[in-house]
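Descriptive structure summary
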Amino acid sequence: MPLKRNDKNIEFLFKAIMKLENIDECYDFFEDLCTVQELRTISQRLVVAKMLSQKSVYTDIVNETGASTATISRVNRSLQYGCDGYDRIFARLENDDDV
């Protein structure tokens, strides 16, 4: 089920995230907002998506990230049929030396 675009709570979260100015602020904000496990889960999905976009095979993704095949499949569906959010971010990060 897609997110409703007019959910005021989610919009407030996204606006707050957009106000973060650097990595240290991100660490502080997300450490306050999420559990360590939630952050690891979210970051794992992003790495899985990146590896899938680079045409890595499931076994390599499992070995490198520890993600389940169910998680990999879910992320793959988002890449194939989602809103192109992953692709947009990867394009913007492409020339970033820190990635």
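Here goes a summary of the coordinates provided. (Residues numbered from 1 in each chain as written. Predicted model: local features only at pLDDT ≥ 70, side-chain atom pairs only at ≥ 80, totals over all residues. Heavy atoms only, no water.)

What follows is about the overall build of the chain. Along the backbone of the chain there are 6 helices and 0 strands. When the helices and strands of the chain are listed from N to C terminus, the series reads α-α-α-α-α-α. Dimensions of the chain along its principal axes, counting C-alpha atoms only, are 35 × 30 × 30 Å. Of all 99 residues assigned to the chain, the portion counted as buried reaches 13%. Looking at the chain alone, contacts between residues at least 24 apart form 31% of all its contacts between residues at least 6 apart. (Helix = DSSP H or I, 4+ residues; strand = E, 2+ residues; numbered from the N terminus. Buried < 20%, exposed > 50% of the residue type's maximum accessible area, 1.4 Å probe, protein only. Contact = heavy atoms within 4.5 Å.)

Moving on: the environment of D7. Looking at the secondary structure, you find D7 in the segment before α1 (8–18). Given a relative accessible area of 27%, D7 falls into the partly exposed group. Among the polar contacts listed, one links the side chain of D7 to the backbone nitrogen of N9, at a separation of 3.0 Å. There is a polar contact of 3.1 Å between the side chain of D7 and the backbone nitrogen of I10. (Polar contact = N/O pair within 3.5 Å; in protein donor to acceptor, adjacent residues only side chain to side chain.)

Turning our attention to the packing of helix α3 (residues 36–53) against helix α4 (residues 58–65). Closest axis-to-axis distance for the α3/α4 pair is 10 Å, and the angle between their directions is 150 degrees. For the pair α3 and α4, the crossing hand works out as right-handed. Counted together, Q44, V47, V48, M51 and L52 of α3 and Y58, D60, I61, E64 and T65 of α4 form the full contact between these two elements. A per-class count over the contact of α3 with α4 returns 6 nonpolar, 2 polar and 2 charged. (Axes fitted to C-alpha atoms, helices over the stretch in contact; angles between N-to-C directions. Left-handed = near helix turned anticlockwise from the far one by under 90°. Nonpolar A, V, L, I, M, F, W, Y, C, P; charged D, E, K, R; others polar.)

So, on to the state of the cysteines. Tallied over the full model, the rule gives 0 disulfides. In this structure C26 is a free cysteine whose sulfur lies 11 Å from that of C34, the closest cysteine sulfur available. On the basis of relative accessible area, C26 is assigned to the partly exposed category, the value being 27%. (Disulfide = S-S within 2.5 Å.)

Another point: the nonpolar core. In this structure, V48, A49, M51, L52, I61, A67, I72, V75, L79, Y86 and F90 together form the largest nonpolar core, which totals 11 residues. Of all the secondary-structure elements, those providing two or more residues to this core are α3, α5 (69–81) and α6 (85–93). At 4 residues, the largest contribution of residues to this core is made by α3. Leave out the neighbours within four places in its chain, and A49 touches V75, L79, Y86 and F90. (Core = buried A, V, L, I, M, F, W, Y, C linked by side-chain atoms within 4.5 Å.)

Another point: the packing of aromatic side chains. If you walk through the whole model with that rule in mind, you get 2 aromatic pairs. With 5.4 Å between their ring centres and 85 degrees between their planes, F29 and F30 make a pair best called edge-to-face. For F29, a relative accessible area of 25% gives the class partly exposed. When the centroid spacing of 6.1 Å and the interplanar angle of 15 degrees are considered together, the rings of Y86 and F90 count as stacked. Residue Y86 and its partner F90 are located together in helix α6, separated by 4 residues, close to a single helical turn. (Phe/Tyr/Trp six-rings, centres within 6.5 Å; stacked < 30°, edge-to-face > 60°.)

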